[in-house]
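If you want the building blocks of each chain, they are given just below.
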Amino acid sequence: MLVVDNSQALRAQIKQWRKAGETIAFVPTMGNLHSGHLTLMQRAKSSATKVVASIFVNPMQFDNQNDLTNYPRTLQQDSEALLDIGVDMLFTPTPQIMYPKGLDAQTYVEVPGISNILCGGSRGGHFRGVATIVAKFFNLVTPDIAFFGSKDYQQLQIIKLMVEDLSMDIEIVGVATVREENGLAKSSRNGYLTAQELNIAPLLYKTMQQVVDSIGRGESIASALEWGVNALNDGAFTVDYLQIKNAKDLSDVTDSDDELVIVAAAFLGSARLIDNMVFSR
Ligand code: PAF
């Protein structure tokens, strides 16, 4: 596996592969890889002749300096996992390489509307940071196809919209969330949970399931959500949001919408966990 930390080396390799007629799949990550990420890599491997992964803890998408500083960085272990799985090139730039003029002077990409609700409402500028770094990576890697986890449901929809709005010729694939046996979505942030919190954490998924089931039995969305928020808060979570939205664009639900998504963000100890479930009614 080729490991490159600068744009020139990355572009030179991509150029060679393109000349040789290779197709390119891309998986951007912030590292601290778990089996959810490795599933993305496997999907990438079966969809193109070359796979590029990136590991970059993107400062532009953090609204909290402590969160950025404490984000787990496990490059050695991550590189070994990527090598084992057969990734062809790993891009590991520094913030200086990605943002040489600094964050404030950087041109940015922002998908309007959808970026300022849910996680974007709680984490100011987060999705501007995500869209900007993903657009930069797309321009460098020029992938045919790129893979993202569906756990970050809002992020996935924002990237799909960005690609459509900016006429990028890249297929965006959302891959199903990988879960522990108890339902907890795999996440780098689960590493912040104590043993006791790890026992409580599956309540997030269980509560979403119960809310969806009760709507299926005819309960109103508002009362099912109210029950869900109370169940989580009583179970040691502090709910940031628990909402049901139109699954396609995360707009508010209207009577004619039948593809819906329940989206949740809640604090458990020092971890902010997110999850979602798409359902029909
Ligand atoms: O989902 C992530 O890990 C990040 O938001 C991403 C897409 C790699 C951009 O930094």
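We now turn to the structure provided with this report. (Residues numbered from 1 in each chain as written. Predicted model: local features only at pLDDT ≥ 70, side-chain atom pairs only at ≥ 80, totals over all residues. Heavy atoms only, no water.)

1. Quick word on the packing of helix α7 (residues 126-141) against helix α8 (residues 153-165)
Here's step 1: Two elements in contact, α7 and α8, have axes separated by 10 Å at closest approach and are oriented at 50°. Looking at the two axes, α7 sits oblique to α8. α7 and α8 meet at a crossing whose hand is right-handed. Where α7 approaches α8, its residues F127, V130, A131, V134, A135 and F138 are matched on the opposing element by Q154, Q155, I158, I159, M162 and V163.
Here's step 2: Classifying every residue of the contact of α7 with α8 by side-chain character gives 10 nonpolar, 2 polar and no charged. (Axes fitted to C-alpha atoms, helices over the stretch in contact; angles between N-to-C directions. Helix = DSSP H or I, 4+ residues; strand = E, 2+ residues; numbered from the N terminus. Parallel < 35°, antiparallel > 145°, perpendicular 65-115°, else oblique. Left-handed = near helix turned anticlockwise from the far one by under 90°. Contact = heavy atoms within 4.5 Å. Nonpolar A, V, L, I, M, F, W, Y, C, P; charged D, E, K, R; others polar.)

2. Some words on the nonpolar core
Here's step 1: Counting residues in each nonpolar core, the largest one holds 46 residues, and the members touching the most others are L10, V52, F138, M162 and I172.
Here's step 2: Element by element, the count of residues in this core is highest for α7, at 10 residues.
Here's step 3: Those residues within four positions of I172 in sequence are excluded, and the remaining contacts are F138, A146, F148, L156, I159, K160 and V163. (Core = buried A, V, L, I, M, F, W, Y, C linked by side-chain atoms within 4.5 Å. Buried < 20%, exposed > 50% of the residue type's maximum accessible area, 1.4 Å probe, protein only.)

3. Some words on the pattern of salt bridges
Here's step 1: All told, the structure shown has 8 salt bridges when counted by the stated rule.
Here's step 2: Put simply, D67 and R189 hold a salt bridge, and the shortest N to O gap is 3.1 Å. Pair noted here: D67 is in helix α3 (residues 65-70) and R189 is in the loop between β6 (171-175) and α9 (195-200), with a separation of 122 residues, a long-range link.
Here's step 3: Classification of D67 by relative accessible area gives buried; the value is 17%.
Here's step 4: Between R128 and E110 there is a salt bridge, with the nearest N and O atoms lying 2.7 Å from each other. Of this pair, R128 sits in helix α7 while E110 sits in the loop between α5 (95-98) and α6 (119-122), and the two are 18 residues apart along the sequence. (Salt bridge = Lys/Arg side-chain N within 4 Å of Asp/Glu carboxyl O.)

4. Some points on the site of the ligand
Here's step 1: The immediate surroundings of the ligand are formed by P28, T29, M30, N58, Q61, V130, I133, F148 and Q155.
Here's step 2: A distance of 2.7 Å separates an oxygen atom of the ligand from a polar atom in the side chain of Q155.
Here's step 3: Relative to its unbound accessible area of 290 Å², the ligand is 88% covered by the protein chains.
Here's step 4: Looking at the shell around the ligand, the elements with two or more residues in it are β2 (24-29) and α7.
Here's step 5: Of the residues contributing to the shell around the ligand, the split by class is 5 nonpolar, 4 polar and no charged. (Near = heavy atom within 4 Å. Polar contact = N/O pair within 3.5 Å; in protein donor to acceptor, adjacent residues only side chain to side chain. Areas by Shrake-Rupley, 256 points an atom, 1.4 Å probe, with all protein chains shown as cover.)

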